[in-house]
Amino acid sequence: MASSSEPSDIITLYIDPLSQASRAIQLFLGINGIDFDTKEIAFAEGSKEAEEFAKINPFKKVPVIAHKGNFVREGIAILRYLCSEFQVEDHWYPEDSLKRARVDEYLEWHHLETRAKSVIYIFSSSYQPVEESRLEQCRSKLDRSCDLIDKVWLQEGKYIAGEEISIADIVAATELEQLAMTDYDPRRGRPRLDAWMLRVRQDTNPLYDVVHNYLKEFCAARLKSLSASSCCWR
Ligand SMILES: N[C@@H](CCC(=O)N[C@@H](CS)C(=O)NCC(=O)O)C(=O)O
């Protein structure tokens, strides 16, 4: 029998409810029936909690998981860890080298494309608004990444890495959902991307909607307060 001082087999997931990278892990854990506890981190500058968290992740970023006395940082590394540590269905991160390489191809591409371009657009349009010409440059880079998902990644299969859903789809879809914070709809004018996002949502619902609920409520409340003060939300 395990003594209470032994490291826990139950995962603790450190998140921020507005974090897309956190949402990918919440969704993956949930749909695979892996037990976990959630710990929200308040990142307010100088908060005691943020300082404590810096000991867990010196980069001060979520998601992080604690499992069996160890911490794993970086969302994509966490997903790969979960796929090897738990018996999840093979399609999430296939054993077959070539199929796995197809998933990894997207995951490597993701950092500097979908992720970087959407984060920069979100910051440039809302958190630290920039002038219109600069914003236009950010939008056109984001356009290019979304076009490549539509025309290249989704060219051959129903999902990013082929005919079955994988962690690449979870990572990509949760990232694109974050654009709800802006006026940019990645689905518009991109039929394949549109159908794929719906497919990922349908495959993983009702959890997909549950994990995106906070984001949707946050965006709705923000829109309401901005229209009340006659501001426009970019
Ligand atoms: N490369 C990291 C990036 C994680 C990341 O950017 N996390 C954001 C939320 S999505 C964060 O923790 N931000 C807190 C901050 O910068 O203060 C990963 O993929 O896990």
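Remember, it's a predicted structure, so these values are computed and weren't measured experimentally. (Residues numbered from 1 in each chain as written. Predicted model: local features only at pLDDT ≥ 70, side-chain atom pairs only at ≥ 80, totals over all residues.)

### Section: the overall build of the protein chain
- Helices and strands together make up the secondary structure of the protein chain, namely 8 helices and 4 strands.
- Ordered by position in the sequence, the α and β elements of the protein chain form the string β-α-β-α-β-β-α-α-α-α-α-α.
- In terms of overall size, the protein chain behaves like a compact globule, its C-alpha atoms giving a radius of gyration of 19 Å where 234 residues would be expected to give roughly 17 Å.
- Principal-axis analysis of the C-alpha atoms gives the protein chain an extent of 60 × 45 × 30 Å.
- Out of the 234 residues in the protein chain, the part that is buried amounts to 34%.
- Summarising the internal contacts of the protein chain: among those between residues at least 6 apart in sequence, 68% fall at separations of at least 24. (Helix = DSSP H or I, 4+ residues; strand = E, 2+ residues; numbered from the N terminus. Rg over C-alpha atoms; globule rule 2.2 N^0.38 Å. Buried ≥ 20, exposed ≤ 12 C-beta atoms within 10 Å, placed from the backbone. Contact = placed C-beta atoms within 7 Å.)

### Digging into the UniProt feature "domain: GST C-terminal" (unreviewed entry) in the protein chain
- Per the UniProt record, the feature "domain: GST C-terminal" (unreviewed entry) sits at residues 96-223.
- Taken as a whole, residues 96-223 contains 74% helix and 0% strand, while its terminal C-alpha atoms sit 46 Å from one another. (UniProt positions renumbered as here; feature names shortened; annotations may be inferred.)

### A few points about the sheet that holds strand β2 (residues 36-40)
- The strand order across the open sheet formed by 4 strands is β2-β1-β3-β4, and the pairing between neighbours is mixed. Where the open sheet ends on each side, the last strands, each with one partner, are β2 and β4 (70-73). Strand-to-strand twist across the sheet, computed as the mean angle between neighbouring axes with direction ignored, equals 20°.
- Here strand β1 (residues 11-15) pairs with strand β3 (residues 64-67) via 3 bridges, running antiparallel. Residue pairing in the sheet places Leu13 in a bridge with Ile65 of β3. (Pairing = 2+ DSSP bridges. Axes fitted to C-alpha atoms, helices over the stretch in contact; angles between N-to-C directions.)

### Structural notes on the domain arrangement of the protein chain
- Segmentation of the protein chain into domains returns domain 1 (11-88) and domain 2 (93-228).
- Using only C-alpha atoms to locate each centre, domain 1 and domain 2 end up separated by 20 Å.
- Listed by contribution, the elements that provide at least two residues to the side of domain 1 that touches domain 2 are α1 (20-31) and α3 (75-85).
- No other element matches the 8 residues that α1 contributes to the side of domain 1 that touches domain 2.
- Split into classes, the residues belonging to the side of domain 1 that touches domain 2 amount to 9 nonpolar, 3 polar and 2 charged. (Domains from an automatic or database assignment. Nonpolar A, V, L, I, M, F, W, Y, C, P; charged D, E, K, R; others polar.)

### Examining the environment of Gln137
- Mapped onto the fold, Gln137 is located in helix α5 (residues 132-153).
- Since 12 C-beta atoms lie within 10 Å of it, Gln137 is described here as exposed.
- Residues Gln137 and Asp169, spaced 32 residues apart in sequence, show a C-alpha to C-alpha distance of 26 Å.

### Digging into the site of the ligand
- By nearness alone, every residue bordering the ligand is listed as Asp16, Ser19, Gln20, Ala21, Phe43, Lys60, Lys61, Val62, Pro63, Glu74 and Gly75.
- The residue inventory of the shell around the ligand, partitioned by class, reads 4 nonpolar, 3 polar and 4 charged. (Near = placed C-beta within 6 Å.)

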